[in-house]
Amino acid sequence: MNLVEDENDSKKDHINEIVLSEDVQRAIEQVLQSSDPLDQPDFNPTDYINQLFPNEQSLSNIDEVISKMECDISLIDDNIRSVVRGQVNTGENGRVALKEAQQSLTQLFSLITDIKSRAEKTEDMVKEITRDIKQLDSAKNNLTYAITTLNHLHMLVGGVENLKRLSERRQYGEVLNPLQAIIEVNQHFQQYSEISQIQTLSAQVQQIQSELATQITDDFKNFFSPTSHSNANRMTLTQLKDACQVASVLDKPVKKNILKWFINLQLQEYVQLFHENQDIAWLDKIDKRYAWVKRHLLDFEEKFGTVFPPDWEVSERITVQFCTITREELSKIVARRRTEIDVKLLLFAIQKTANFEQLLDKRFNGTTLIEATSEEVRQERGSFNNLIGSCFKPYLDIYTDSIDRELTALIEQFAQQNQQMVVPKEINPGIIPNCADLFVFYKKCMVQCMQLSNEKPMYDLVLLFKKYLREYASKVLEARIPKPQPPNSTTSSISSSMSLLTKDFQNLSTAAGQVIHNFLKEGETPRFSSEDMRKICYILATAEYCLETVQQLEDKLKEKIDKQYISKVDLSDEKDAYHRIISNCIQLLVHDLDAACEQSLLLMTKIAWHSISNVGDQSGFVNQIITNLKQTVPVIRDNLANSRKYYTQFCHKFVNSFIPKYINTLYRLRPTSSGSSSASGTAALVASASSSSLAEGTISASSGGNILGCEQLLLDTHSLKTVLMDLPSIGSQVQRKPPASYTKVVVKGMAKAEMIIKVVMQPVHPASLFIEQYLKLMPESSVVEFHKILEMKNVRKIEQQQLVEAYKRACPQLQQQQQQLITASTVGGSNATSGGDSGNVSQPNEPTSGGNSTQSPQIAAAAAAISGAGSSIMALGDSLMDKGRIKKIENLIKNRLPN
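Cut-offs used in this document
- Position numbers for residues count from 1 along each chain, tracking the sequence in the order it is written.
- Note on the predicted model: pLDDT of at least 70 is required for a residue's local features to be given, and 80 or more for side-chain atom pairs to be given and counted; whole-chain, interface and lining totals, by contrast, use all residues.
- Heavy atoms throughout the structure, all of them, feed into the side-chain values; hydrogens and water do not.
- A run of DSSP states H or I qualifies as a helix once it reaches four residues; a run of E qualifies as a strand once it reaches two. Both are numbered from the N-terminal end.
- Exposure is judged per residue with a 1.4 Å probe applied to protein chains only, and the accessible area is read against the type maximum: over 50% gives exposed, under 20% gives buried, and values in between give partly exposed.
- In this analysis, two residues are considered to be in contact whenever any of their non-hydrogen atoms come within 4.5 Å of each other.
- Per-residue accessibility takes into account occlusion by the displayed protein chains alone, with areas from the Shrake-Rupley method and a 1.4 Å probe.
- UniProt positions are given in the numbering used here, feature names are shortened, and annotations may be inferred rather than shown by experiment.
- Axis lines are fitted to C-alpha atoms, over the contacting stretch for helices. Their N-to-C directions set the angle, which ranges from 0 to 180 degrees.
- Roughly parallel covers angles under 35 degrees, roughly antiparallel covers those over 145, roughly perpendicular covers 65 to 115, and oblique covers all other angles.
- By convention, the crossing between two helices is left-handed when the near helix turns anticlockwise from the far helix through less than a right angle, and right-handed when the turn is clockwise.
- In the scheme used here, Gly and all other residues not listed as nonpolar or charged are polar, with Ala, Val, Leu, Ile, Met, Phe, Trp, Tyr, Cys and Pro taken as nonpolar and Asp, Glu, Lys and Arg as charged.
- As used here, the term nonpolar core means buried Ala, Val, Leu, Ile, Met, Phe, Trp, Tyr and Cys residues forming a set that is joined through side-chain atoms within 4.5 Å.
- Here the expected length of a helix is defined as 1.5 Å per residue gap, with one fewer gap than residues.
- Each C-beta atom gives one direction from the helix axis, and the arc is the one those directions make.
- Each Phe, Tyr or Trp ring, with Trp reduced to its six-membered ring, pairs with another whose centre is within 6.5 Å; inter-plane angles below 30 degrees give stacked pairs, above 60 give edge-to-face pairs, and intermediate values give tilted ones.
- Cation placement over rings: the criterion is NZ of Lys or CZ of Arg within 6 Å of the ring centroid and within 35° of the ring normal.

Regarding the overall build of the chain
The helix and strand tally for the chain stands at 34 helices and 0 strands. Looking at the 899 residues of the chain, the share that counts as buried comes to 38%. Long-range pairs, those at least 24 residues apart, make up 79% of the contacts in the chain with a sequence separation of at least 6. With the model as given, the accessible surface of the chain reaches about 51,500 Å², and the carbon-plus-sulfur share is 53%.

Shown next, in the form of C-alpha cells:
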C-alpha cells in the first residue's frame, strides 16, 4: 500500500509541476531579475529546506521561517488578485481596438485604388505627348547612319581611284593614311557584300593591296639587290621607310616575306664565307664568326637602321637567323671532324659561344625568338642562352673524358707524394694538403661544367667525382696507414727453445727461464712508433675533412644539377669509405694501446698472488699500464685536437676493449691460498702430474685462506679505475670532465671487476651464504662466471659441482634461459681448466697420442708442454731450485715430448 501511495503522490507532483519553455523563462528573468531561490526554474524544495535547516540546531527558529513564508504567500495572493481584477476588462478593450483597425484598413485600400487609377491616366497622357518625339528621334538616327554610309561609300569610291594613282607613282608616304582608311571602310561594308557594287569595290581594294605588296617587294629587291646598277628606278631611303609603313598596314605575310628575303640577303655573305669546307669555319676560328656578325650589325644599323620601323626588330631577327645558321653549320662540321676535337678546342669554342650569347641577351630583348620556327629555339624563348651552344652538348663527353684523365694523373701524383708523407712537427698538424687540392679541383670542374650543361654531362661528372673520391680514399689515405710488421722468427725460436730443453735437462731451471723469455718475446705485438701514431691521426683528420666536404659537395651538386638527375646524386658509398678509414684508424690506435697493456696483463698473471704477505702500494703491472697510457694517449690527443669527437670515440673503444680483457685476466688468477694445508704451489703441481684426477691435486679454499692477494688486486683495480676515469685528460695541463657516456662505461666495467674480487674474498662455507653474497654482488652473472669464480678460489671439482647445483636452484630462471649455453660452456671450461691451470699435465703412464704423427703436431705438443711448464715455473719462483721437485717436472716434460 505504501508503494501505491508513493506512486500516486509522485504522479500528483508531476501533474502540479509547471514546465515553461526556454524563451518564456528568459523573458520572465528579464522582467523579474530576482535572485530569490524560489524564483529559479530548477527550484528544488528539498534542497531549499536543507539550506534553511542544515542541522538540528537550526530547527529552533522554524516558527519564524513558517511565519515569514505565510506572510510571503499572503503577499503573493494579494498580487494575484490585483492582476486578475485588472484583466477583467481586457477582452472588451481588445475587441474595440480590433474594430478600429479594420476600419482604418478599409480607408487605406480605397486611397490606394484611387492613386493607381490616376497614375494610369498620367501614363497615357505622357505617351501621347512623346509619340511624335520618338518618331523624330528614329528618323534622325536613320538619317545619320545613311549619311555616314554615303560618306564611307564616297570615300571608298574616291579612295580606290586615288590609291591606284598614288601607288603607280610610288608615293608611299601619301598612300599610308588613305590605305588605312579604305581598309577600315571596306571592313564596314562587308555586311553589305550581297550588293554587286559593293562586291566590285571590295575586289578593287583587294587588288590594290595585292599590287602594293608585289610592288613594294619588287622595290626592296631592286634597291638591295647587288646586281641592280640602274639608279633610274631606285627608290630613296625615305621612300623605303614609307614603304615599310605601308607593308605594316597590309596583310602579315607581306611583312614576313620581305623580312625573310632581306635577312637571307644580309646573311648570304656569311654563309659563303664560313662554308663548312672553308678553313675559317673550324672551331679554332669560331670567334671570327661572331666578329663578322658584330661588324655587319653595326654597318646595317648605320646605313639602314632608320629605314625599318622599330617594331620590326630587324637587327634582332638577323641575329636569330645568324644563330640558327651557325648552330646548323657547326653541328655538321663537328660531326664530320669529331676526331680532330680536343678538350681545349671544345672549351674554347664553348666559352666564345657563351660570351657571345650573353652579349646578345644584353643587347636584345628576345621578342622575335617566339616567332622562331625551330622547336629548339622556342624552348629557349626569351633568351639567347644555348641558342648556338646546344650544338656542342652531344660532344661534352670529350670534356668529361679529359676530366677523367686529369683526375687519374692527380690521384697518382697524390699517391706518389704520400709515399714520402711527413707529418708536420707542430701539435695538431691539420690535414694532408693534397686533400684540399682535390676538392679545389672538384669545385673548378663543377663551375666549369655548370657553364656547359647541368644535365647529362653534369651527372657524368658526378660519377667521376664518386670514382676518384673512392680512389683517393684507397690509394692515398688507406695505402699510407702505417701497418706493424708481424714477427717472422717464431719457428726458429721454437726449434731453438726445444733444442735448449733436450740438450741439457740437468740445468732445467736455466733452460725453462730461457724458454719463457723467448715465448714472451715472440708473443709481443709490434707497437707503432710515435711518428706512426701521428701519421694515423694525420690520416684520420684528413678523412674527417673529406667526409664533411663530401657532404657539402653532395648538397651543392643537388642544387646545381637538373631536376631529373637530383635523385641519382648519391655519395653515401663515398662517405662510408671515409667513415671506414676513420674507424680503421681509431681501431689501429686502440689495438696499439691494447698491445702495450697486454704485456702488463701478462705480467699480472705471473705474480704469485696467493703468496702475498702484505698489502702495499699498487703493483708493478699497474705502474706499467699507467706509463704506457701516459706515453701514448697525449700524442693521440694532441694530434686529434680538431677531431674531438673521434678522440672521445677512441677512448670509448679502448675502455670497451681493455676492461673485458682485464676481467678475463682476473679469471685466470688464483689469488687465495688454503689456510689448512702447508703445501705450496709446487707441491700441488707435482701432485697433479702423478695423480689420476685434477680434483685430487687441487686444494679447496676455505675461510682460513690467505686473501691478501685479493686485497692487493682490489687496490690495483681501484687504481686502474681512477686512471681510466681520467684517461681523456691524462698528461694534460687542462683537465676536462670526461663525457657522461664514457664515465658510465668505465664505472660499470670496473665495478664488475671489483665485485669479482670481493666475491673471491668470501668464504665458500657455508655454501648458502656464499651463493647469497655472490647473487648480491653479481646479480647479472651466469653459471659460466660462477664456475670461473670457483676456479679462482681453487675449489675442488666435487665441491664445484655441488655449489653449481645449489646456484642453479637459487636461480631457476637462469637455468631455463641458458641451459644449452651452460652445458657447452661447462664442458669447455672443464677441459680448459684441466689442461691449463695444472700446466697441461697428463698421466705419466698414459701413451702420447702424437707419438706416431707428423713433425708439426709434435712441435705443437712440445710447445704446449713448454708453455705450461714455463708458466708453472714462473709461478713457483725461487722454489724451483729444489732438486727433488725438478726431477719430477723433468719426468713430466719427458712424457710430453714426442718420441
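Right, picking up where we left off after that structure.
Thoughts on the UniProt feature "coiled-coil region" (unreviewed entry) in the chain
If you check UniProt for "coiled-coil region" (unreviewed entry), the listed places come out as residues 112-139 in our numbering. The distance separating the terminal C-alpha atoms of residues 112-139 is 41 Å; by composition the span is 100% helix and 0% strand.

So, the packing of helix α9 (residues 252-266) against helix α12 (residues 314-336)
Two numbers describe a pair of packed helices, the interaxial angle and the distance between the axes. For the pair α9 and α12, the least separation of the axes is 10 Å and the interaxial angle reads 60 degrees. Classified by the angle their axes make, α9 and α12 are oblique. Here α9 and α12 pass one another in a crossing that is right-handed. Within the contact between the two elements, α9 uses Leu-259, Phe-262, Ile-263, Asn-264 and Gln-266 and α12 uses Val-314, Arg-317, Ile-318 and Gln-321. For the contact of α9 with α12, the per-class residue count stands at 5 nonpolar, 3 polar and 1 charged.

Re the nonpolar core
Counting 180 residues, the largest nonpolar core has Tyr-472 and Tyr-578 as its most contacted members. With 13 residues, helix α21 (residues 572-605) is the single largest residue contributor to this core. Setting aside residues no more than four positions away along its own chain, Tyr-578 makes contact with Leu-469, Tyr-472, Ala-473, Leu-477, Ala-543, Cys-546, Leu-547 and Val-550.

Thoughts on helix α16 (residues 433-452)
For α16, spanning 20 residues, the distance from its first C-alpha to its last is 29 Å, which sits close to the expected 28 Å at 1.5 Å a residue. If you check which residues of α16 are buried, you get Asn-434, Cys-435, Leu-438, Phe-439, Phe-441, Tyr-442, Cys-445, Met-446, Cys-449 and Leu-452. The buried residues of α16 all sit within an arc of 155 degrees when viewed along its axis, so they share a single face. Set apart from the buried face of α16 by more than 90 degrees, the exposed residues are Pro-433, Val-440, Lys-443 and Lys-444. Considering only its buried residues, α16 is in contact with α13 (343-363), α15 (397-419), α17 (456-477) and α20 (530-560).

Considerations on the packing of α21 against helix α22 (residues 620-639)
Running from amino to carboxyl end, α21 crosses α22 at an angle of 170 degrees, the nearest separation of the two axes being 9 Å. Considered as vectors, α21 and α22 are oriented roughly antiparallel to each other. Facing α21, whose interface residues are Leu-589, Asp-592, Leu-593, Ala-596, Cys-597, Gln-599, Ser-600, Leu-601, Leu-603 and Met-604, α22 presents Phe-621, Gln-624, Ile-625, Asn-628, Leu-629, Thr-632, Val-633 and Ile-636. Of the residues that constitute the contact of α21 with α22, the class distribution is 12 nonpolar, 5 polar and 1 charged.

A word on helix α11 (residues 286-304)
Taking 1.5 Å of rise per residue, 19 residues should cover 27 Å, and α11 covers 27 Å from first to last C-alpha, within 8% of that figure. Among all positions of α11, only Ile-286, Arg-289, Tyr-290, Trp-292, Val-293, His-296, Leu-297, Phe-300 and Phe-304 are buried. Along the axis of α11, the buried residues cluster in a sector spanning 150 degrees; they form a single face. Set apart from the buried face of α11 by more than 90 degrees, the exposed residues are Arg-295, Leu-298 and Glu-302.

Some details on unusual backbone geometry
If a residue is not glycine, its phi is most likely negative; likewise, a peptide bond is most likely trans. The residue after His-765, namely Pro-766, is reached through a cis peptide bond having omega 0 degrees. Positive phi, normally seen in glycine, also occurs at Glu-313, with a value near 50 degrees. Mapped onto the secondary structure, Glu-313 falls in the loop between α11 and α12.

Quick look at the packing of aromatic side chains
As enumerated under the stated definition, the model contains 24 aromatic pairs in all. On the basis of an interplanar angle of 50 degrees and a centroid distance of 4.9 Å, the ring pair of Phe-262 and Phe-308 is categorised as tilted. In this pair, Phe-262 is assigned in helix α9 and Phe-308 in the loop between α11 and α12, connecting sequence segments 46 residues apart. Assigned by exposure class, Phe-262 and Phe-308 land together as buried. Note on Tyr-290 and Phe-356: the rings are 4.4 Å apart at their centroids and 10 degrees apart in plane angle, and the pair reads as stacked. Residue Tyr-290 is located in helix α11, and its partner Phe-356 is located in helix α13; the two are separated by 66 residues in the primary sequence. Here the two residues Tyr-290 and Phe-356 agree in accessibility, since each one is buried. By way of ring pairs, the aromatic residues Tyr-270, Phe-274, Tyr-290, Trp-292, Phe-322 and Phe-356 are connected into one cluster. The ring of Trp-282 carries the charged tip of Arg-337 above its face, separated from the ring centre by 4.0 Å.

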